[in-house]
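Topology and contacts: notes
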Amino acid sequence: MAIGILGRKVGMTQIYDESGKVIPVTVIQAGPCHVLQLKTLERDGYEAVQLGYLDKPRRLASRSERGHVASKMDSKRARSRAAAGVEAPPKAGCEPKRFIRELRGSIEGYEVGQEVTVGVFENVKAVDVTATSKGRGYSGAMRRHNFKGQRASHGVKKVHRHVGGTGSSAFPSRTFKGLRMAGQYGNARCTIRNLQIAGVDVENQLLLVRGGVPGPNGGFVVVRETNKLG
Amino acid sequence: MSQQIIAKVEEKYLKAEKPEFEIGDTVDVHTRILEGDKERIQIFTGVVIARSGSGTREMFTVRRIVQGEGVERKFPLHSPRIAKIEVKRHGVVRRAKLYYLRDRVGKATRLKERRVKGEE
């Protein structure tokens, strides 16, 4: 059974464990999510649970977004499909959702329309958190790859923060692909694996994980049980 | 909204009774120290020169002179390892951060005593 939930990063703080040690934690407001769709082997070729988090106002949702969750929405196609005797797939019957993601894994124990709360992590030790990292724009190699740059003196002119050499000479007389250089940094999907769970607060729908999580405060995150062994 | 949520998370880790002291006070900080499996209390005495942060992250800095050398320790206010904070003496101060004490030696590091009504 795939264990996971969608949520929002609230921010970081610190708490104390029994021995008085400080634990840095990220607070995630997780769920409640609705199961919108189940992907099955026969139909889709893989198994996954599609979750939706936060309601989207109806005036902002497109008709297809509404149709994705609404159990009864009249349309010409729906009428003709019904006339042909095709059974419509089950719908969640909730409001359209703002943030929709799939969790790959067994769909056992899930059904469409079911509500998923942060309680699913009660017996989980560690999680993987996926989010979009903070965008830093076009950044130099020093910031992006922690290069050292060049010397401040000894004849270095106007290239103190530049990359050094990028290749050899007549052989291979080209620069290898994938060489680390300046470029877009951040604003990319990023997963931090094996974050220990520091607390689950079912009442307030909060999840505390030890350590940092990618993205700004208020950013959407996907939290899954870790796939790291041991 | 997010600040309220964080405050809610921190609530149960805060000390029920927030230790009371002010900048410029001379305090005894009782810290629990684990030695092997034995616990003992160590006392650090000095002047509170700064306070920072809020919630569980609130810290305070205590400065004292040991063998002619200035020593500063920064403690988390709400840490369970801080057993007790005893105020020994109040000082007259006009700022929130007493970093100027770092540049002073000898007699110049003294603070005038502030008499508080209701005490003694």
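Cut-offs used in this document
Residues numbered from 1 in each chain as written. Chains lettered and ligands numbered in written order. Predicted model: local features only at pLDDT ≥ 70, side-chain atom pairs only at ≥ 80, totals over all residues. Heavy atoms only, no water. Helix = DSSP H or I, 4+ residues; strand = E, 2+ residues; numbered from the N terminus. Buried < 20%, exposed > 50% of the residue type's maximum accessible area, 1.4 Å probe, protein only. Contact = heavy atoms within 4.5 Å. Areas by Shrake-Rupley, 256 points an atom, 1.4 Å probe, with all protein chains shown as cover. 1 Å grid on protein atoms, 1.4 Å probe; cavity = no way out; pocket = protein on both sides within 12 Å on 5 of 7 lines; lining within 4 Å. Points joined across faces, edges and corners; volume = space filled by probe spheres on them. Nonpolar A, V, L, I, M, F, W, Y, C, P; charged D, E, K, R; others polar. Pairing = 2+ DSSP bridges. Axes fitted to C-alpha atoms, helices over the stretch in contact; angles between N-to-C directions. Phe/Tyr/Trp six-rings, centres within 6.5 Å; stacked < 30°, edge-to-face > 60°. Lys NZ or Arg CZ within 6 Å of the ring centre and 35° of its normal. Buried area = accessible area lost by both parts, 1.4 Å probe. Salt bridge = Lys/Arg side-chain N within 4 Å of Asp/Glu carboxyl O. Polar contact = N/O pair within 3.5 Å; in protein donor to acceptor, adjacent residues only side chain to side chain. Arc of directions from axis to C-beta. Domains from an automatic or database assignment.

Right, let's talk about the overall build of chain B for a bit. For chain B, the helix and strand inventory stands at one helix and five strands. Counting only C-alpha atoms, chain B reaches 45 × 40 × 30 Å along its principal axes. The buried share of chain B, taken over its 120 residues, is 34%. Pairs at least 24 residues apart make up 51% of the contacts formed inside chain B by residues separated by at least 6 positions. Of the accessible surface of chain B, which amounts to about 8100 Å², a share of 47% is contributed by carbon and sulfur atoms.

Residue and element names in this part refer to chain A. Volume-wise, the largest pocket comes out at about 570 Å³. The wall of the largest pocket is formed by 19 residues, among which Met73, Ser75, Ala78, Ala88 and Lys91 lie closest to the centre. Of all the elements in the fold, those that place two or more residues in the lining of the largest pocket are α2 (63-69) and α3 (76-83). Approximately 400 Å³ is the volume found for the second largest pocket. Contributing to the lining of the second largest pocket are 20 residues, with Glu102, Thr130, Arg189, Val222 and Arg224 lying nearest its centre. When residues of the lining of the second largest pocket are traced back to their parent elements, those giving at least two are β5 (97-104), β7 (126-132), β10 (189-201) and β12 (220-225). Looking at the lining of the second largest pocket residue by residue, the class counts come to eight nonpolar, five polar and seven charged.

Here the focus is the sheet that holds β7(A). All names here are of chain A. The six strands lie next to each other as β1-β2-β11-β10-β7-β12, forming a closed barrel whose pairing is antiparallel. Along the sheet, successive strands turn relative to each other by an average axial angle of 50°, direction set aside. As judged from the four bridges shared by β10 and strand β11 (residues 206-210), these two strands associate in the antiparallel manner. Note that in β11 the partner of Asp201 across the bridge is Leu206.

Time to look at the sheet that holds strand β4 (residues 48-55) of chain A. Residue and element names in this part refer to chain A. Within the open sheet, the four strands sit side by side as β5-β4-β3-β6. Their pairing is antiparallel. Across the chains shown, the open sheet's two edge strands, defined by having one partner strand only, are β5 and β6 (115-116). Inspection of the sheet shows strand β3 (residues 33-39) paired to β4 by six bridges, in the antiparallel sense. Looking at β4, one finds that Gln37 is bridged to Gln50.

Enumeration according to the criterion identifies five aromatic pairs over all chains in this entry. Seen in terms of ring centroids, A:Phe99 and A:Phe220 are 4.6 Å apart; in terms of plane orientation they differ by 10°. Their pairing is stacked. With A:Phe99 in strand β5 and A:Phe220 in strand β12, this residue pair connects regions lying 121 residues apart in the sequence. Note on A:Phe99: relative accessible area 8%, which makes it buried. Residue class for A:Phe220 comes out partly exposed when judged on its relative accessible area of 23%. Put simply, the rings of B:Phe21, B:Phe44, B:Phe60 and B:Phe75 touch in pairs and so form one group of aromatic residues. Sitting over the ring of A:Tyr185, A:Arg136 keeps its end group 4.8 Å from the ring centre.

Attention now goes to the interface of chain A and chain B. Each partner contributes residues to the interface: chain A has 15 residues there, and chain B has 14 residues. Taken over both partners, the interface formed by chain A and chain B buries close to 1300 Å², and the fraction arising from carbon and sulfur atoms is 67%. On the chain A side of the interface with chain B, the three residues burying the most area are A:Val10, A:Gln14 and A:Tyr16, jointly 41% of the side's total. Counting every contact that joins chain A to chain B gives zero salt bridges. The tally of links from chain A across to chain B stands at six residue pairs in polar contact (both at pLDDT 80 or more). Broken down by secondary-structure element, the contributors of at least two residues to the side of chain A that touches chain B are β1 (4-16), β2 (22-30) and β11 of chain A. A per-element tally of the side of chain A that touches chain B places β1(A) first, with seven residues.

This next bit is on helix α1 (residues 2-11) of chain B. When α1(B) is considered as a whole, its buried residues turn out to be B:Ile5, B:Ile6, B:Val9 and B:Glu10. Buried residues of α1(B), seen end-on, are gathered within an arc of 135° and therefore sit on one face of the element. Facing away from the buried side of α1(B) by over 90 degrees, the exposed positions are B:Gln3 and B:Glu11. Those residues of α1(B) hidden inside the fold are in contact with β1, β2 and β11 of chain A.

Moving on, we come to the domain arrangement of chain A. Residue and element names in this part refer to chain A. According to the domain assignment, chain A contains domain 1 (1-31 + 121-135 + 187-230), domain 2 (33-116) and domain 3 (136-164 + 178-185). Look at where the C-alpha atoms of domain 1 and domain 2 centre, and you get two points 26 Å apart. Counting residues at the interface gives 14 residues for domain 1, matched by 16 residues for domain 2. Of all residues in domain 1, Ala2, Leu6 and Phe220 give up the largest surface area on contact with domain 2, accounting jointly for 46% of the area buried on that side. In this assembly, domain 1 and domain 2 are joined by zero salt bridges. Inspection of the domain 1/domain 2 interface yields one residue pair in polar contact (both at pLDDT 80 or more). When contributions to the side of domain 1 that touches domain 2 are tallied by element, the ones reaching two or more residues are β1 and β12. In terms of residue class, the side of domain 1 that touches domain 2 is made up of eight nonpolar, four polar and two charged.

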